[in-house]
Structure formats: structure tokens, C-alpha cells
Amino acid sequence: MSDTLLRQLMMLRRIPRHPRRITAQDLTAHLADQGYPVTERTVQRDLLTLSGRLFGLILDDRSRPHGWCWDRDAAQIDIPAMEPQTALAFKLAEHFTGQLMAPSTLNALAPYFAQAEQVLADTPSPVRTWPEKIRTITRGQSLIPPAIDREILHTLYEGLFNDRQVEARYQRRYDGQTRDYVISPLGVVFRDGVVYLVCQRNGREGIVHLAMHRFLDARVTETPVHRPTDFDLDAYVRTGGLDFRLSDGVIELELRVAAETAVHLQETPLSQDQTMDPLDNGHQRLRATVPDTAQIRWWLLGLGDNVEVIAPASLREAIRDRLEAALNAYR
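Predicted model only: the values in this text are computed from it and were never measured.

A.B. asks: Requested: an account of the packing of aromatic side chains, with residues and values cited.
C.D. replies: One pass over the full model with this rule turns up 3 aromatic pairs. Ring geometry for Tyr170 and Tyr181: centres 6.3 Å apart, planes at 40°, overall tilted. Residue Tyr170 is located in strand β3 (residues 164-171), and its partner Tyr181 is located in strand β4 (residues 178-191); the two are separated by 11 residues in the primary sequence. Judged by its relative accessible area of 5%, Tyr170 is buried. Taking 4.9 Å as the distance between ring centres and 70° as the angle between the ring planes, the aromatic pair formed by Tyr170 and Phe215 counts as edge-to-face. With Tyr170 in strand β3 and Phe215 in strand β7 (residues 215-224), this residue pair connects regions lying 45 residues apart in the sequence. Grouping aromatic residues by their ring pairs yields a cluster made of Tyr170, Tyr181 and Phe215. The ring of Tyr181 carries Arg201 above its face, with NZ or CZ at 4.9 Å from the centroid.

What follows is the structure in C-alpha cells.
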């Protein structure tokens, strides 16, 4: 009896969740490799018996050879049972990183999330309320994220996950024109509610980022992605790849910043080489080397009269012109 129980448990662990499946023949071979030599008929009998009880096993007989799988919505069975702390970890992962996961990964984890929900509901301790005590916010103005077609999102994630090129139709932001691209997905970046696909287009060497919500259609191909050997997603982000670079150079920035802004920038510097020197009235002279991007200009304009650009002269002039134009709009 004990050998039968162990054999059946081992068999249940081998069976995948729908839509994947495994044949009785493959299960028989697996059990033999594990030291449980039984006939295929015995395996089939065990499967029929277990599928009619507590286990959500189903027989997929749409094509031959027939295969067995766990039902997509079958409850997750853990031995030993899931602990409350483990359940909490799953709920936090679902809440804070769910949007970062590929749809196929979310589908695979759905039974664990459901089980975690049930475990926390049955746990009479402060652990169950922990997700209600944590929130993340952005410093900027909160905006409603743009809607992304779920099928297109799934396709783009599939291409990225499997390193396959994607044939896509994309609506460009700056002129509204629609273009067809063959895309090599390299990474995904989330920024202020917008999801960007970092990729190459049409076999070109340059790296670009395309907003997911502007894709109109997508289809994964069998052509493998040829990732550039020197590509690093962290380096791409760190050097301003998503900040709309205006040139490949850097800016030797010199600012006069008000006291309150200076405290903030001392705690969260603009760059690794940032320095600050005291000036009059609590102001500070800030020097830092930053990428030449549109983002740094938007940031400086957002600080208003808490910052004055000293150098470079071209940037000082550009900021002054934008502020004068804004002032004229209010007159």
C-alpha cells in the first residue's frame, strides 16, 4: 500500500497543468526510471481512479496520443500545506510585481495566488492584513496607464520570453503614422505606468524603445533573435535610453539650487560624480555629469524657481526661452 501511495504521488507531481499534457506511456517510463516498474495499464487505471476523486485530472483526447493534465483551475495541492508567510509572499508578488510577469507566467502562478488567498483568509493573525499596510507611489503626477491589448501583450511577451522575432504593426507617436516592423525584442521597461519594449527594428543595429499600447497587431515568428553581444538593459536605462536622448554626448551640468531642493538632491544625487558647494541664502552650487536627454530638461523646468541653470550656456538659454514662452502664455 505504501509503495502504491508513493508511486501515485510521484505520478501526480509529474503531470503538468493544462494546456500542457503527458501521456500514460511517458508516465510509465518516468515511474520506471524512479524505481517503480509498472505496466502502462496500471498507470491508466491509477489515472482514472485519481481523476474521479479529489484531484482535478482531465484526459485530453482531442488528438493522439491522448494526454493527461491537471485542469487549468484545479486547486494547488501542497504537502506540507502552504504556510501563512509563504502565502503572504505570493500575495505581495501578485500585487506588486504581477504586471511585470509574462501572461503565461501569471497563468502558471494563478493556482498559487488563489491558494495563498485562501490561506490568508483562514489565518487568524496580523499576517493576513499585511498587504493592506503596504503601498507604492510615484513622485510625479498620477496618470491613468494606457490600455494595452491583452493578446498583443501576450504575443510580445512570448517573443521576448522565447527569443523570437515578432512581426508587428505600430502607430508612431510623433506623426500618428502606422508602420510594419520586424522586431527583435530585447527587454521590457515599466515607467510611470507605461510599458516599453526595448528592441531592434528591421535588422538595424540601433536600440529603440516602443510603447506597448501603440502596437496594433503582433505575430511571433520562428526566426530567432540575434541579441547584440554588448547589449545590457541596465546600461541602456542608466545612460538615458528611455529619456529620449538628444545626442550621444553628456552634459556637464552646473546649477544653483534652493535649500530645500539641495537637501533632496543630496539624498538622491543626479549622478555618481555630483558635488555641492554652499552659496548665499542657503543655496548650493551643484555640478554633475548627466546624459543629454529631453528628460533632464523636463526635470529642470519642473523645478521652477528652485533651480537656475548656470552651465552649459546653451542649456541655460534653452531653459530661459521655455520659461519666457510659458510666462507669455499666462499674460
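A.B. asks: Lay out the environment of Val290 with the relevant residues and their values.
C.D. replies: Tracing the backbone shows Val290 in strand β10 (residues 284-293). Assessed through its relative accessible area of 5%, Val290 is described here as buried. Along the backbone, Val290 and Thr239 are 51 residues apart, and their C-alpha atoms lie at a distance of 8.4 Å. Residues contacting Val290, with those up to four places away along its chain left out, are Val250, Ile251, Leu253, Leu270 and Ile296.

A.B. asks: Hey, could you go over the sheet that holds strand β9 (residues 275-278) for me, with residue numbers and the actual values?
C.D. replies: With antiparallel pairing, the 4 strands of this open sheet are ordered in space as β9-β10-β8-β11. Edge strands, defined here as strands with exactly one partner in the open sheet, are β9 and β11 (307-311). Across this sheet, the average inter-strand angle for adjacent strands is 35°, counted without regard to direction. Pairing of β9 with β10 involves 4 bridges; the strand directions are antiparallel. Bridge pairing in β10 places Asp277 opposite Arg285. Each of β8 (245-257), β9 and β10 is contacted by helix α8 (residues 259-267), which is oriented at about 125° to β8, the strand it contacts most. Sitting on the sheet, helix α10 (residues 313-330) is in contact with β8 and β11, with an inclination near 145° to β11.

A.B. asks: How would you summarise the sheet that holds β3 if you had to cite specific residues and measurements?
C.D. replies: One open sheet accounts for 5 strands, arranged β6-β5-β4-β3-β7; its pairing is antiparallel. At either margin of the open sheet sits one strand with a lone partner, and together these are β6 (208-211) and β7. Pairs of neighbouring strands in the sheet enclose a mean axial angle of 50°, with direction left out of account. Relative to strand β5 (residues 194-201), β4 runs antiparallel, the two sharing 8 bridges. If you follow Arg191 over to β5, its bridge partner there is Val194. Helix α6 (residues 150-162) contacts β3, β4, β5 and β7 of the sheet and is inclined by roughly 25° relative to β7.

A.B. asks: Describe the packing of helix α2 (residues 24-33) against helix α3 (residues 40-51), with residues and values.
C.D. replies: Taken N-terminus to C-terminus, the directions of α2 and α3 make an angle of 110°; their axes are 9 Å apart at the nearest point. Here α2 lies roughly perpendicular to α3, going by the angle between them. Where α2 approaches α3, its residues Ala24, Gln25, Leu27, Thr28 and Leu31 are matched on the opposing element by Glu40, Val43, Gln44 and Leu47. Here the residues of the contact of α2 with α3 are counted per class, giving 5 nonpolar, 3 polar and 1 charged.

A.B. asks: Any details on the packing of helix α9 (residues 294-302) against α10? Residues and values, ideally.
C.D. replies: Running from N to C, α9 and α10 cross one another at 55°; their axes reach a closest spacing of 11 Å. What the angle tells us is that α9 and α10 run oblique. The interaxial crossing formed by α9 with α10 has right-handed handedness. In this structure, α9 contributes Arg297, Leu300 and Leu301 to the contact, and α10 contributes Leu315, Ile319, Arg322 and Leu323. By residue class, the composition of the contact of α9 with α10 is 5 nonpolar, no polar and 2 charged.

Rules used in this analysis
Residues numbered from 1 in each chain as written. Predicted model: local features only at pLDDT ≥ 70, side-chain atom pairs only at ≥ 80, totals over all residues. Heavy atoms only, no water. Phe/Tyr/Trp six-rings, centres within 6.5 Å; stacked < 30°, edge-to-face > 60°. Helix = DSSP H or I, 4+ residues; strand = E, 2+ residues; numbered from the N terminus. Buried < 20%, exposed > 50% of the residue type's maximum accessible area, 1.4 Å probe, protein only. Lys NZ or Arg CZ within 6 Å of the ring centre and 35° of its normal. Contact = heavy atoms within 4.5 Å. Pairing = 2+ DSSP bridges. Axes fitted to C-alpha atoms, helices over the stretch in contact; angles between N-to-C directions. Parallel < 35°, antiparallel > 145°, perpendicular 65-115°, else oblique. Nonpolar A, V, L, I, M, F, W, Y, C, P; charged D, E, K, R; others polar. Left-handed = near helix turned anticlockwise from the far one by under 90°.

On their own, these measurements won't tell you what the molecule is for.
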